[in-house]
Amino acid sequence: MGEALTIARSALSTGDVPVGAIVVNADGVVIGTGFNEREAHNDPTAHAEVVAIRNAAARLQKSRLDGCTLIVTLEPCAMCAGAIAQSRISHLVFGAWDEKAGAVGSVWDVLRDPRSIFKVEVTSGIRESECAQLLKDFFSDK
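On a predicted model such as this, the values are computed, not experimentally measured, just so you know.

## Examining the overall build of the protein
A tally of regular secondary structure across the protein gives five helices and five strands. Starting at the N terminus, the α and β elements of the protein follow one another as α-β-β-α-α-β-α-β-β-α. Here the protein has a C-alpha radius of gyration of 14 Å; the compact-globule value for 142 residues is 14 Å, and the two agree. Residue burial in the protein is summarised as follows: out of 142 residues, 47% are buried. Across the protein, the 14 positively charged side chains and the 18 negatively charged ones have centroids separated by 5 Å.

## Brief notes about the environment of Asp-16
Secondary-structure assignment places Asp-16 in the loop between helix H1 (2-10) and strand E1 (20-24). Here the alpha-carbon distance between Asp-16 and Glu-37, two residues 21 residues apart in the chain, equals 6.3 Å. Ignoring any residue separated from it by four or fewer positions in sequence, one finds Asp-16 in contact with Ala-11, Asn-36, Glu-37, Arg-38, Glu-39, Ala-40 and Phe-138. A distance of 3.1 Å separates the side chain of Asp-16 from the backbone nitrogen of Arg-38, its partner in a polar contact.

## Comments concerning helix H4 (residues 78-86)
Buried residues of H4: Cys-80, Ala-81, Ile-84 and Ala-85, and no others. The arc enclosing the buried residues of H4, seen along the axis, measures out at 140°, which places them on a common side. Buried positions along H4 lie against helix H3 (48-60), strand E3 (69-74) and strand E4 (91-96). Positive backbone phi, approximately 65°, marks Arg-88, located one or two places after H4.

Rules of the game
Residues numbered from 1 in each chain as written. Predicted model: local features only at pLDDT ≥ 70, side-chain atom pairs only at ≥ 80, totals over all residues. Heavy atoms only, no water. Helix = DSSP H or I, 4+ residues; strand = E, 2+ residues; numbered from the N terminus. Rg over C-alpha atoms; globule rule 2.2 N^0.38 Å. Buried < 20%, exposed > 50% of the residue type's maximum accessible area, 1.4 Å probe, protein only. Lys, Arg positive; Asp, Glu negative; His and termini not counted. Charge placed at Lys NZ, Arg CZ, Asp CG, Glu CD. Contact = heavy atoms within 4.5 Å. Polar contact = N/O pair within 3.5 Å; in protein donor to acceptor, adjacent residues only side chain to side chain. Arc of directions from axis to C-beta.

Following this line, the structure appears as structure tokens:
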């Protein structure tokens, strides 16, 4: 989570919301990273999770990331939860809860819904206060 927080701070220079994500393979090697790039690229799909998943898939040259873990500083939204499931990420770890748009337990629970086809292990609240503070500081300046 420390590396994801460092990556999240990179988004600050672009004016994007500071969310960072990394994809780690089963051996613990980082194979993909990303931070929010929505504003930088005028791309509404360029959330940190999607950017990290794209990087990992490109590095592995395959669309399935079975056995990989995604670590992200903020609870994923519905779009990102869908991308996590479609990429077959095995484990999601996130820091702060997103009470407005979170889709892994706050507003919805896309990944653990019993109707979901793909099952993802979820660990939440890792360094939660530190992840939340980064976002609070960002939005307090807005």
